[in-house]
Amino acid sequence: MTAPPTVRAATREDRSAIAAIYNAALAERASTFETRPRTPEDIDAWLGKRHPVLVAEENGSVIAYASTSAYSPRECYAGIADFSIYVAPRARGRDVGRHLMEVLLKEAEAAGFHKLTSRVFATNVRSRALLGRLGFREVGVHEKHASLDGVWHDVVVVEKLLLANVR
Ligand SMILES: CC(C)(COP(=O)(O)OP(=O)(O)OC[C@H]1O[C@@H](n2cnc3c(N)ncnc32)[C@H](O)[C@@H]1OP(=O)(O)O)[C@@H](O)C(=O)NCCC(=O)NCCS
């Protein structure tokens, strides 16, 4: 049994590692509709905001990240955050994702958000298993939500209420 990785807030020094992890997943064409590789400068725009961005570190290297961002520009939805989680291919399947998401849920709650939501490719069984285990509800399916390399994909909308902030 390996010790869980250290989870901490992302800093500018993590930009290249975060971009590399995202770009590896982008190349797999299995979890995001995006096709443009991210640069460290793209990651800058995520940092230093109200929305938590976390990294998981093992033996001094970043092996995963989880980020949140605004769900909507409308003020009434300011308490909802969209989230993403990406684990480097070499670190998958050994609970890094679960551990990182558990910390993200706590940090998002501490930051005052009342709900996390995301859209997961219907075919992404690993992500759906992870989120289901963490208490995310599958709200429904957006059919043919976007196309990737000419193929339409359904996405499952997931959400979890952060109970401290819905009293
Ligand atoms: C999805 C992802 C974040 C999960 O992280 P991970 O560290 O690999 O997952 P974990 O080891 O914490 O396991 C999560 C769950 O998936 C299950 N699982 C692992 N591999 C699986 C597989 N091939 N099929 C089905 N379930 C699987 C595990 O058993 C675990 O469930 P459990 O907690 O009930 O045992 C990671 O695989 C990843 O980054 N994938 C590519 C990008 C991606 O899909 N991001 C999510 C976008 S919404």
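Cut-offs and rules
Residues numbered from 1 in each chain as written. Predicted model: local features only at pLDDT ≥ 70, side-chain atom pairs only at ≥ 80, totals over all residues. Heavy atoms only, no water. Phe/Tyr/Trp six-rings, centres within 6.5 Å; stacked < 30°, edge-to-face > 60°. Helix = DSSP H or I, 4+ residues; strand = E, 2+ residues; numbered from the N terminus. Buried < 20%, exposed > 50% of the residue type's maximum accessible area, 1.4 Å probe, protein only. Pairing = 2+ DSSP bridges.

S.K.: Sorry, what's going on with the packing of aromatic side chains here?
M.R.: Here the distance between the centres and the angle between the planes together describe a pair of aromatic rings. Evaluation of the coordinates by the stated rule reveals six aromatic pairs. Seen in terms of ring centroids, Trp46 and Tyr65 are 5.7 Å apart; in terms of plane orientation they differ by 45°. Their pairing is tilted. Pair noted here: Trp46 is in the loop between helix 2 (40–44) and strand 2 (53–58) and Tyr65 is in strand 3 (residues 61–70), with a separation of 19 residues, a long-range link. Residue classification places Trp46 among the partly exposed positions, given a relative accessible area of 25%.

S.K.: What exactly am I supposed to notice about the pairing of strand 7 (residues 151–161) here?
M.R.: The sheet contact formed by strand 5 (residues 115–121) and strand 7 spans seven bridges and is antiparallel. Following the sheet pairing, Arg119 is matched in strand 7 by Val157. By the bridge criterion, eight bridges tie strand 6 (residues 137–148) to strand 7 in an arrangement that is antiparallel. In the sheet register, Ser147 faces strand 7, and the bridge partner there is Trp152. Where strand 6 folds back onto strand 7 in an antiparallel hairpin, the turn is made up of two residues, including Asp149, whose phi is positive at roughly 50°.

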